Amino acid sequence: MAVALPEVVEELLREMGAAARECERSTDPFLFPRLKFVFGSSAVQALDLVDRQSVTLISSPSGRRVYQVLGSSGKTYTCLASCHYCSCPAFAFSVLRKSDSLLCKHLLAVYLSQVMRTCQQLSVSDKQLTDILMEKK
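Throughout this document, residue positions are counted from 1 along each chain, in the order its sequence is written. In keeping with the model being predicted, local features are shown solely for residues with a pLDDT of at least 70 and side-chain atom pairs are shown and tallied solely at 80 or more, while totals for entire chains, interfaces and linings include all residues. Think of the side-chain values as coming from all heavy atoms in the structure, minus any hydrogens and water.

**Q** I'd like a description of the side chain of His-106, backed by residues and values.
**A** Helix numbering and strand numbering both begin at the N terminus, where a helix is a DSSP run of H or I of at least 4 residues and a strand a DSSP run of E of at least 2. Mapped onto the elements, His-106 comes out in helix 5 (residues 105-116). Residue His-106 is classed as buried on the basis of its relative accessible area, which comes to 5%. With residues near it in sequence (within four places) discarded, His-106 still touches Leu-49, Val-69, Gly-71, Tyr-77, Cys-79, Cys-86 and Cys-88. Type-normalised accessible area, obtained with a 1.4 Å probe on protein chains alone, sets the label of each residue: buried when under 20%, exposed when over 50%, and partly exposed for intermediate values. Should any heavy atoms of two residues lie within 4.5 Å, those residues are counted as being in contact.

Here is the structure:
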């Protein structure tokens, strides 16, 4: 069962997707400020990751899907969009422990790249995906 994002986030992502489909950049001058209002500085950082095409969707024949995001530090983080999880320390601290953020920049980049249709795609075997998930960082 997929976990739902807050409605305001869902609506914002829908608007970002519609804007991306209409043209390369949004014509709504209030869309970016709303994104920044909801996500703070993570919005700018996530958009930078999307612009650098740092998000890769990895899928296997069994239908399992994970995302890997190459962070600004050069480290790769694993994100599970279905349950809103990222392996980065900021997610563990700011999202889970302190609850002062909805998402980390990596997970936001995953959602933005989904709606903007800019994810890199990689198909791997089930064994390869298991190996990716079992990697010790």
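**Q** Give a description of the pairing of strand 2 (residues 65-70) that names residues and reports values.
**A** By this definition, two strands are paired if DSSP reports at least two bridges between them. Direction of pairing for strand 1 (residues 55-59) relative to strand 2: antiparallel, over a ladder of five bridges. Opposite Thr-56, over in strand 2, you have Gln-68 as the bridge partner. The hairpin formed by strand 1 and strand 2 contains five residues between the paired strands, and Gly-63 there has a positive phi angle of roughly 95°.

**Q** Tell me about the nonpolar core, residues and numbers included.
**A** Ranked by internal contacts, the top residues of the largest apolar core, which has 36 residues, are Met-16, Leu-35, Phe-39, Tyr-67 and Leu-112. Contributing elements (two or more residues each) for this core: helix 1 (7-22), helix 2 (31-39), helix 3 (41-51), strand 1, strand 2, strand 3 (76-80), helix 4 (89-97) and helix 5. Broken down by element, the residue count for this core peaks at eight residues, all from helix 5. Apart from the residues within four sequence positions on either side, Met-16 is in contact with Leu-31, Leu-35, Leu-47, Leu-112, Val-115 and Met-116. Put simply, a nonpolar core is a bunch of buried Ala, Val, Leu, Ile, Met, Phe, Trp, Tyr and Cys residues held in one set by side-chain atoms that sit within 4.5 Å of each other. In terms of nonpolar packing, the next biggest core, distinct from the first, is built from five residues, Ile-58, Val-66, Leu-129 and Ile-132 among them.

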